[in-house]
Each structure stands twice: as structure tokens, then as C-alpha cells.
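Architecture at a glance
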Amino acid sequence: MLAAYAARVSPDDPLSALEVGERPAPEVPAGWVRVDVRAASLNHHDVWSLRGVGLSAEQTPMILGCDAAGVDEDGRDVIVHAVVADPDAVAGDETFDPRRTLLSEKYSGTFAEHVAVPRRNLVAKPAELSFEEAACLPTAWLTAYKMLFSRSGLMPGDTVLVQGAGGGVATAAIRMAHAAGYRVWATSRSEQKRARALELGAHAVFEAGARLPARVDAVIESVGEATLEHSLRSTRPGGRVVVCGATSGRTAPLELARVFFQQIDVAGSTMGTVHQLRGLVDFLVTTGVRPVIDTTLSLGEARKGFERMAAGGMVGKIVLTV
Ligand SMILES: NC(=O)c1ccc[n+]([C@@H]2O[C@H](COP(=O)([O-])OP(=O)(O)OC[C@H]3O[C@@H](n4cnc5c(N)ncnc54)[C@H](OP(=O)(O)O)[C@@H]3O)[C@@H](O)[C@H]2O)c1
């Protein structure tokens, strides 16, 4: 079957490790199901994998991709939850399972004609969402959903700052926060992306690092090193900085005096549960909010999508159709 995969890892030149070509179809263990992929979406995670972050050279060749929507063996339209947990360890929240893994880390990913996943990872795709829209949900949108509605402590009417407006997590956060009745402020280094953020639902936009007119109740932080100090400075006493990623670097200094004197919470957040993915789907159906798609390409054109993501110019998700 056709697949986009890491043939090796390359910390300094990730795209040189990407190949698009024939790979064997994945095995389907007992309790797992085969899904015929209709659409899949890229995440920065896929670029990290090519760099060898979370994927070792010994694990290659590895089919990339965490997110997919497709058709299961019974002909049902489904969305694939990307977190594969130990079935014995999962009592409440599979994201806390220390042995959890994302598709494409230990098991073959979604950038292929077929993917195998545990049956419990399937969520029904409603007719209201296209396969392309549904394929955007399992990583970036689910992460933003949990950050906003479970980890941030925000209430409708509160103000949220979204750093790095163009990313998949950031565009999801802007759209959903607007729909939930939050005041949404966003930053970007690019004037064009700031203009797009306003169209997507931000109430005000600022240059990266700019002084804000007031401190915010919470920050959605996925940029990392380049913005964390600004996130802390921009948060009101008792507010919260919710961190899910570190695209610009993982080692940011933390001004501890600000953290304790201002009593600011720094909260980590990763993915979401399959239950939260169902909640996200219902939220989109109810509100009419839809994922922001930057580019749609065929699976065979995956390299173009990776180039666009690595260059960082996109606003929203890059989708591959099969
Ligand atoms: N923990 C989890 O479960 C989880 C889930 C999803 C994503 N993530 C992580 O979250 C991060 C975001 O992922 P993504 O796929 O949404 O988007 P992304 O491709 O990583 O881009 C996010 C944004 O980062 C900003 N950015 C990049 N380098 C920057 C720099 N040097 N200075 C300032 N801003 C910079 C850009 O904003 P502007 O150009 O607009 O300034 C860009 O739009 C990634 O690190 C990813 O691994 C984690």
C-alpha cells in the first residue's frame, strides 16, 4: 500500500528522512480493527519523528501520522483516536498511562491506505463533518479542546491569549474559544497570520512579545521557548499558562518569582481521552465550528505538506487525502 514514512531519522534535515512509497499493510492484532483511511492530517509531531524525537532509528521504517478519518471493517465512517494505551492500565484517563503511545511511535501511523487501531480507539464520524475535517481532530483539535475546557480554568467571558496563531493547536483554540464565549487574543510574528487570526475569531491580535492592554486569565502555549516568558508576563495573578508544546525550543527559563508572587499556575497538557474526542465531535456539530484547513493534498504529495509545515507558513491544518 502507498504510505508516507520515516525511512530513517535525521535530527538536522528531517525532510531527508521522509519517503513516500510502498509499505506492507499493517498487521491487525486481536481486538484491533483495520481502517481504510480517507483523510489524514499532519502535526508537528510528524516532523519531530523525522528528527528522531520520540522515534529511534531502530524503529524505522515507520509509517508517520497520528490523525485519520476513514471507514472501518463494518463500513462505518470513523475517526481514529491517536492514543494507544495499555488496555489493562486504562481505568479513567489513558493520557496518564505511562505506557501510552501515539500512532506512528510504536505502531504504524495513518499516512497510508490502511491503519490498524484498537477497537476502543474508534469514534463515529458524524455526517456533518467531512473526512478532511474529521481528520484534523484527534491531535491538534483534541489537544486544544482539553487545554481550553479542562486545563485552563477559563469561564465564558474570560480572556485567553493564544500564542503562535498559525499552528494547528492555535487555530483550533482560537475557533473554539470564540465559540465558547471567551475573549480571544492571539499573537503571531506574521502580519498575514494576525489578519487570518482575526477572521478565525480572535477579538484582538498582537505581534509576538507585544505588551498587552491587560493581563489575561489564561494562555494557550504551544510555541515554547520563544514565547513562554511573554506568556508568564501576560497572565494575571492567579491565572494559568497551559503548555502543550515547544516548537521553538524545549528549554525556556521560568521566572520563579513571578510564578510564586503572582501565584500563576503552569499546567502541562497532552492530547485527550477518547471520551473527550467524542465531546469535541459533539461540540463541533452543536456549534457549527469547523477545523481550519490550510492545504489539502493527496497522500502521494505528502512531501509538499511536510515542506509547508517545516517552513511554518501555514494557518491551520495540512490534510492528506487517500
Ligand atoms: N502535547 C500534545 O499532546 C501536543 C498535541 C499537539 C501539538 N503539540 C505540540 O504543540 C506544538 C504546536 O503544534 P502545531 O502542529 O499546532 O503547530 P506548529 O507547526 O508547531 O506551529 C505553531 C506556531 O509556532 C509558532 N512558532 C514557531 N517557531 C516560532 C518561533 N521561533 N518564535 C515564535 N513563534 C514560533 C508559529 O507561530 P507564528 O508564525 O504565528 O508566530 C507557528 O504558527 C508542537 O510543538 C507540537 O509538537 C503537542
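1. Quick notes on the overall build of the protein chain
When helices and strands are tallied, the protein chain shows nine helices and 18 strands. Counting only C-alpha atoms, the protein chain reaches 55 × 40 × 40 Å along its principal axes. Put simply, the protein chain has 322 residues, and 54% of those count as buried. Contacts spanning at least 24 positions in sequence make up 70% of the contacts within the protein chain whose residues lie at least 6 apart. Within the structure as shown, the protein chain displays about 13400 Å² of accessible surface, and the carbon and sulfur contribution to it stands at 49%.

2. Describing the pairing of strand 13 (residues 204-207)
The two faces of the sheet receive side chains in turn, since in a regular strand these alternate between them. Both strand 12 (residues 183-188) and strand 13 contribute to a ladder of four bridges, which runs parallel. Within strand 13, the residue paired with W185 across the bridge is A204.

3. Some thoughts on unusual backbone geometry
A cis geometry characterises the amide bond from T60 onward to P61, with omega recorded as 0°. Here P61 is to be found in the loop between helix 1 (44-51) and strand 4 (62-63). Of note in the backbone geometry, Q263 takes a positive phi value of approximately 55° without being a glycine. Its place among the elements puts Q263 in the loop between helix 7 (256-261) and strand 16 (265-268).

4. Details of the domain arrangement of the protein chain
Annotation of the protein chain at the domain level lists domain 1 (2-136 + 291-321) and domain 2 (140-268). Using only C-alpha atoms to locate each centre, domain 1 and domain 2 end up separated by 26 Å. Between domain 1 and domain 2, the residue contacts involve 17 residues of the former and 15 residues of the latter. Summing both partners gives a buried area of about 1200 Å² for domain 1 against domain 2, and 59% of it is carried by carbon and sulfur. Considering only the surface of domain 1 that becomes buried against domain 2, W48, V292 and V315 emerge as the three largest contributors, covering 40% of it. Counting the contacts that link domain 1 with domain 2 gives zero salt bridges. Grouping the constituent residues of the side of domain 1 that touches domain 2 by class yields seven nonpolar, seven polar and three charged.

5. Regarding the site of the ligand
In the vicinity of the ligand, 26 residues are found, and the nearest of them are V169, S188, K193, T247 and M271. Residue W48 places a side-chain N or O atom 2.9 Å away from an oxygen atom belonging to the ligand. Between an oxygen atom of the ligand and a side-chain N or O atom of T247, the distance comes to 2.6 Å. For the ligand, whose accessible area on its own is 910 Å², the fraction buried by protein is 87%. Sorting the residues of the shell around the ligand by element identifies helix 1, helix 3 (137-151) and helix 4 (168-179) as the ones contributing at least two each.

6. Considering the environment of D93
Structurally, D93 is set in the loop between strand 7 (83-84) and strand 8 (101-102). Spatially, the C-alpha atom of D93 lies 8.9 Å from that of H275, the residues being 182 residues apart in sequence. When near neighbours in sequence (up to four residues on either side) are disregarded, D93 contacts K146 and T273. Within polar-contact distance, the side chain of D93 engages the side chain of T95 at 2.5 Å.

7. A closer look at the packing of aromatic side chains
Taken as a whole and judged by the stated rule, the model has eight aromatic pairs. When the centroid spacing of 4.8 Å and the interplanar angle of 55° are considered together, the rings of F260 and F261 count as tilted. Each member of the pair F260 and F261 is classed as exposed. Ring pairing ties together the aromatic residues Y145, F149, Y182 and F283, which thus form one cluster. A cation sits over an aromatic face here: R23 above Y5, 5.2 Å from the ring centre. Over the aromatic face of F131 sits the side chain of K125, whose NZ or CZ is 4.8 Å from the ring centroid.

Cut-offs applied
- Residues numbered from 1 in each chain as written.
- Predicted model: local features only at pLDDT ≥ 70, side-chain atom pairs only at ≥ 80, totals over all residues.
- Heavy atoms only, no water.
- Helix = DSSP H or I, 4+ residues; strand = E, 2+ residues; numbered from the N terminus.
- Buried < 20%, exposed > 50% of the residue type's maximum accessible area, 1.4 Å probe, protein only.
- Contact = heavy atoms within 4.5 Å.
- Areas by Shrake-Rupley, 256 points an atom, 1.4 Å probe, with all protein chains shown as cover.
- Pairing = 2+ DSSP bridges.
- Domains from an automatic or database assignment.
- Buried area = accessible area lost by both parts, 1.4 Å probe.
- Salt bridge = Lys/Arg side-chain N within 4 Å of Asp/Glu carboxyl O.
- Nonpolar A, V, L, I, M, F, W, Y, C, P; charged D, E, K, R; others polar.
- Near = heavy atom within 4 Å.
- Polar contact = N/O pair within 3.5 Å; in protein donor to acceptor, adjacent residues only side chain to side chain.
- Phe/Tyr/Trp six-rings, centres within 6.5 Å; stacked < 30°, edge-to-face > 60°.
- Lys NZ or Arg CZ within 6 Å of the ring centre and 35° of its normal.

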